[in-house]
Protein chains: 2
Amino acid sequence: MDITVVLPQKEIPRRWYNVLADLPTPLDPPLHPITKRPVRPEDLEAIFPTKLIEQEVSNERWIDIPEEVLRTYCLWRPTPLRRAYFLEKALGTPARIYVKDESVSPPGSHKPNTAVPQAYYNKMEGTRKICTETGAGQWGSALAFACSRFGLECEVYMVRVSYNQKPCRRRMMEIWGARCIPSPSDRTETGRKILAEDPDSPGSLGIAISEAIEVAVSSKDSKYALGSVLNHVLLHQTIIGLEARKQLESIGEYPDVIIGCAGGGSNFAGLALPFVKDRIEGKEIKIIAVEPASCPTLTKGKFLYDFGDTSGKTPLLPMYTLGHNFMPPPLHAGGLRYHGMAPIVSKLFKEGIIEARAVNQLESFAAGVAWARAEGTIPAPETNHAIAAVIEEAKLAKEEGRERVIVFTFSGHGLLDMGAYEAYLEGGLSNHALSEEEIQKTLKEVNAITRQE
Amino acid sequence: MDITVVLPQKEIPRRWYNVLADLPTPLDPPLHPITKRPVRPEDLEAIFPTKLIEQEVSNERWIDIPEEVLRTYCLWRPTPLRRAYFLEKALGTPARIYVKDESVSPPGSHKPNTAVPQAYYNKMEGTRKICTETGAGQWGSALAFACSRFGLECEVYMVRVSYNQKPCRRRMMEIWGARCIPSPSDRTETGRKILAEDPDSPGSLGIAISEAIEVAVSSKDSKYALGSVLNHVLLHQTIIGLEARKQLESIGEYPDVIIGCAGGGSNFAGLALPFVKDRIEGKEIKIIAVEPASCPTLTKGKFLYDFGDTSGKTPLLPMYTLGHNFMPPPLHAGGLRYHGMAPIVSKLFKEGIIEARAVNQLESFAAGVAWARAEGTIPAPETNHAIAAVIEEAKLAKEEGRERVIVFTFSGHGLLDMGAYEAYLEGGLSNHALSEEEIQKTLKEVNAITRQE
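Residues numbered from 1 in each chain as written. Chains lettered and ligands numbered in written order. Predicted model: local features only at pLDDT ≥ 70, side-chain atom pairs only at ≥ 80, totals over all residues. Heavy atoms only, no water.

## Details of the overall build of chain A
Working step 1: What chain A contains, in helices and strands, is 17 helices and 15 strands.
Working step 2: A globule of 453 residues ought to have a C-alpha radius of gyration of about 22 Å, and chain A, at 21 Å, matches this closely.
Working step 3: Here chain A, with 453 residues, has 64% of them falling under the buried criterion.
Working step 4: Of the roughly 16300 Å² of accessible surface on chain A, a fraction of 49% belongs to carbon and sulfur atoms.
Working step 5: Separation of charge centres in chain A, based on 52 positive and 57 negative side chains, amounts to 2 Å. (Helix = DSSP H or I, 4+ residues; strand = E, 2+ residues; numbered from the N terminus. Rg over C-alpha atoms; globule rule 2.2 N^0.38 Å. Buried < 20%, exposed > 50% of the residue type's maximum accessible area, 1.4 Å probe, protein only. Areas by Shrake-Rupley, 256 points an atom, 1.4 Å probe, with all protein chains shown as cover. Lys, Arg positive; Asp, Glu negative; His and termini not counted. Charge placed at Lys NZ, Arg CZ, Asp CG, Glu CD.)

## What to know about the UniProt feature "modified residue: N6-(pyridoxal phosphate)lysine" (unreviewed entry) in chain A
Working step 1: Here, UniProt's "modified residue: N6-(pyridoxal phosphate)lysine" (unreviewed entry) annotation points to Lys111 of chain A.
Working step 2: Classification of lysine 111 of chain A as buried rests on a relative accessible area of 15%. (UniProt positions renumbered as here; feature names shortened; annotations may be inferred.)

## Here's the deal with the packing of helix α11 (residues 239-250) of chain B against helix α12 (residues 266-280) of chain B
All names here are of chain B.
Working step 1: Axis separation between α11 and α12 bottoms out at 6 Å; the angle between their running directions is 65°. With respect to α12, the axis of α11 lies roughly perpendicular. Handedness of the α11/α12 crossing: right-handed. Residue-level contacts link Ile240, Gly241, Leu242, Ala244, Arg245 and Leu248 of α11 to Gly270, Leu271, Pro274, Phe275 and Asp278 of α12.
Working step 2: Here the contact of α11 with α12 is built from residues that sort into seven nonpolar, two polar and two charged. (Axes fitted to C-alpha atoms, helices over the stretch in contact; angles between N-to-C directions. Parallel < 35°, antiparallel > 145°, perpendicular 65-115°, else oblique. Left-handed = near helix turned anticlockwise from the far one by under 90°. Contact = heavy atoms within 4.5 Å. Nonpolar A, V, L, I, M, F, W, Y, C, P; charged D, E, K, R; others polar.)

## Notes on the interface of chain A and chain B
Working step 1: Facing 43 residues of chain A, the contacting portion of chain B comprises 44 residues.
Working step 2: Approximately 4100 Å² of surface area, both sides summed, lies buried where chain A meets chain B, with 62% of it carried by carbon and sulfur atoms.
Working step 3: Linking chain A with chain B are four salt bridges, by the criterion used here.
Working step 4: The closest approach of N and O atoms between arginine 170 of chain B and glutamate 422 of chain A, which form a salt bridge, is 3.7 Å. (Buried area = accessible area lost by both parts, 1.4 Å probe. Salt bridge = Lys/Arg side-chain N within 4 Å of Asp/Glu carboxyl O.)

## Here we look at the relation of the copies chain A and chain B
Working step 1: Taken as rigid bodies, chain A and chain B are interconverted by a rotation of 180° and an axial shift of 0.0 Å, the fit giving an RMSD of 0.0 Å. Expressed as a symmetry operation, the mapping of one chain copy onto the other fits a two-fold axis. (Least-squares fit on C-alpha atoms with pLDDT ≥ 70 in both.)

## Description of the pattern of salt bridges
Working step 1: Evaluation of the coordinates by the stated rule reveals 50 salt bridges over all chains.
Working step 2: Of the charged contacts, one joins glutamate 393 of chain A and lysine 286 of chain A as a salt bridge, the two residues approaching to 3.0 Å between their closest N and O atoms. Here the residue glutamate 393 of chain A occupies a position in helix α15 (residues 381-400), and lysine 286 of chain A occupies one in strand β11 (residues 286-292), the gap between them amounting to 107 residues. No difference in accessibility class separates glutamate 393 of chain A from lysine 286 of chain A, as the two residues are buried.
Working step 3: Notably, a salt bridge pairs glutamate 253 of chain B with arginine 96 of chain B, separated by 2.5 Å at the nearest N-O pair. One end of the pair, glutamate 253 of chain B, is in the loop between α11 and β10 (257-261); the other, arginine 96 of chain B, is in strand β5 (residues 96-101), with 157 residues separating them in the sequence. For the pair shown, glutamate 253 of chain B and arginine 96 of chain B are each scored as buried.
Working step 4: Counted as one network, the salt bridges with shared partners bring together Arg77, Lys100, Glu102 and Glu243 of chain A.

## As for the nonpolar core
In summary, soluble globular proteins display a tendency toward joint burial of nonpolar side chains.
Working step 1: The biggest cluster of nonpolar side chains holds 228 residues, and the ones touching the most others in it are Tyr73, Ile259 and Phe408 of chain A together with Tyr73, Ile259 and Phe408 of chain B.
Working step 2: Excluding its chain neighbours within four sequence positions, the residues that come into contact with phenylalanine 408 of chain A are Ile97, Tyr98, Val99, Lys100, Ile259, Leu271, Trp371, Ala386, Ile387 and Val390 of chain A. (Core = buried A, V, L, I, M, F, W, Y, C linked by side-chain atoms within 4.5 Å.)

## As for helix α16 (residues 418-425) of chain A
Residues that lie three or four places apart on an α-helix share one face, since the helix turns once every 3.6 residues.
Working step 1: Within α16 of chain A the residues assigned to the buried category are Met418, Ala420, Tyr421 and Glu422 of chain A.
Working step 2: Elements that come into contact with the buried residues of α16 of chain A comprise α14 (361-375) and α15 of chain A together with α7 (167-175) of chain B.
Working step 3: Where α16 of chain A ends, the next residue or the one after it, glycine 427 of chain A, has phi of about 75°, a positive value.

## Re the packing of α14 of chain A against α15 of chain A
Residue and element names in this part refer to chain A.
Working step 1: Interhelical geometry of α14 versus α15 gives an angle of 85° and a closest axis separation of 7 Å. Classified by the interaxial angle, the pair formed by α14 and α15 is roughly perpendicular. In this structure, α14 uses Glu363, Ser364, Phe365, Ala367, Gly368 and Trp371 to contact α15, whose residues at the interface are Pro381, Asn384, His385, Ile387, Ala388, Ile391 and Glu392.
Working step 2: Residue classes in the contact of α14 with α15 are distributed as seven nonpolar, four polar and two charged.

## Some details on the pairing of strand β7 (residues 153-159) of chain B
All names here are of chain B.
Working step 1: Of all seven residues in β7, six are buried, a share of seventy percent or more.
Working step 2: The sheet contact formed by strand β6 (residues 129-134) and β7 spans six bridges and is parallel. Residue threonine 132 lies in a different strand from β7, and its bridge partner there is valine 156.
Working step 3: Examined bridge by bridge, β7 and strand β8 (residues 179-183) share five bridges and lie parallel to one another. Bridge assignment links valine 156 to a residue of β8, and that residue is cysteine 180. (Pairing = 2+ DSSP bridges.)

## Notes on the UniProt feature "domain: Tryptophan synthase beta chain-like PALP" (unreviewed entry) in chain A
Working step 1: In the numbering adopted here, UniProt assigns the feature "domain: Tryptophan synthase beta chain-like PALP" (unreviewed entry) to residues 77-412 of chain A.
Working step 2: Split by type, residues 77-412 of chain A is 45% helix and 19% strand. Its first and last C-alpha atoms lie 14 Å apart.

## Focus: the sheet that holds strand β15 (residues 405-410) of chain B
Residue and element names in this part refer to chain B.
Working step 1: A sheet is described by the order of its strands in space; here seven strands give the open sequence β1-β4-β5-β15-β10-β11-β14, paired in mixed fashion. Strands at the two margins of the open sheet, each flanked by one partner only, are β1 (4-5) and β14 (355-359).
Working step 2: Sheet analysis places strand β11 (residues 286-292) next to β14, joined by five bridges and oriented parallel. Following the sheet pairing, proline 292 is matched in β14 by valine 359.
Working step 3: Docked against the sheet, α11 engages β1, β4 (81-83), β5 and β15, running at close to 140° with respect to β5.

Right, dumping it as structure tokens:
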């Protein structure tokens, strides 16, 4: 009967884990986009509150979670850890599969784990308004939720094509009181310039980032927020893995395999980082980041300095990248369409501490439907990638006749992604596989960046 | 920090509570639609499995929950009971508000509490296929989920206008392997007849019921399932209140006020019935069923025998009704648009054991948005009615300066109802208030039914 491993609220972790304290060698610093010199903390003060800048570069192993953030976390945390008995049975595997369910947050994903502390620190430092960009809307809705907790204005620039095609997440933002603006807009210089050239521009994440930053820096009491990639974002997400560790310990389990889907890297890192120290110290544990085969940042990309955005305005980050001009195919897993990968995750992959695997779109949806029929819940398209790898590992355990403990993050639910499932069930989806030619072309551009540095 | 009251899975209630054992006087029996004589159990065998027919008329106070049903319940049960601290603070009330969250089930509402045992008993008795109808899709998706657990075929007749306008719940059904058919369809005599007269018929719940029953009785190994109103449905829903009782006891609380929204009555009854015995025995506890002002079955309807469906094919049930021909305005709370009320709930209201309250549509959405901004989660339009009454009671407690314990069911989430919220936020919703004239006209028709009997 015991499917769910509950962690009582009084046992919620009270500190985030900062992996920077335990890396074998330090991360390379981000570089200024123009001077190409290491970015100084004060360079970032126009867009982030000082507390987050401190966290971005801190080497403290443990960082206290503020009491008010904990109170808000407790609206949905600790999240359940569940044994996927029914999937195990369907696969006939000797593996024990555990799912850490981050879909139970009000916005339906892991994103509020960082949106809430970001809103809180901004509030503490006198910010009145936070601006951000969003693609499919997961991050925008999480930040809208977080801002509503602390009485902050929230302005979200949403890629116009998503704004029109995926109205549900925009409406969530509005329920929480945020303003959601289709990008490009006439509210910024960037937007006006693009609209002048193409009044029907569908927009892009790069444009939306530029608009959000432009508005953020235009006023002293407004700031910008980012939902993945950066160190402080990954730090906040470690609450996932810290809880999972306690839950597994309470039933005498320890993972052999850890799996998470990776776009910018924060969901994957959230579960993985609290186990990375054990791995560094020699523990035999397989940690797998799963990405889409049509946006194979770790599995096909190159490790070098690249811009975080597509328009080349952010600092240069040391990471695996397909090049900031890489335009991934129109995948339904919108959260996995990022050209780069968080510097921390990139470093761990480069050092051989973690592994990476690419899964194609059809395989991911097949895994998601198998999950829904075995375990009930309907996963987000991003989560389906992790599930595909879980099924692969569970089958391997069966072949090898080995009991293995597999733990993964259910990063979000798919209730607002029914169109993608419909297309899959009706045979209207394809893999959007990248040809060898496309990959070579992309990598050639990435090399060009290197030479430029 | 302790917002959530957790009930460990090993303490999940193992029996449902049957209020029929404790009613002051027995329910009047359902009558055969043609003979007008009490329905005999064998009259129902073509559409329901015998175990459910037994439960429909049982007077046993406690009925064991089968082990396999418990195992499936444990995919999401026990559901959390949470203290709504943030709403309390926003209202400045001395009341302590507790929410029993039924939205955490895979289909997102309380409906699977009965869909799962219904599917199970059917499976045990050799049923191959279950047919049902659905309006907005909450019940259809819950039954699709339940049938997928036990390897049963599921055929859902969905009112055509909803099928076209609300594709998300239909897609959920398909993910779980069910067949969802717009009604009227060409698969039944009823459907073909209606399409011959009006090829563009938008359909109605009455037509969909007729189609589902027609298909169910046409084959020996197919049956029909109903999602509310009947005694066995309310029985299964008592798991809600039984868990809530245990959770409240574990923190030394007992409710002064219990609130649930009521359409057919099963959600309301699920929380309320396990407290009704205390009320009958003289405990001072206010139990409030909340309905929409534009479908005011308890507050304006009459108590008499009426058909359960709109086409007059089901047995006559003793209940409060607005008349089976009553067509409620196009409310967004689709689950509350039923002309009648469960016989058990009707009886309790008639005996003065419970109260009823009507809430208009705009007030309900205002309450839902206030909830989302205070507590995070986005409620279903049905749930918003309960929240409006919760807020009213919390304000009353403030006026009276009394600590009161208010408990209510969060019957479902509103993630698939964003269109309704958008209409509300943009000022495009109205109350659809019934005029005194409309009410008198409806009640006149209800009187006509009485005379007919």
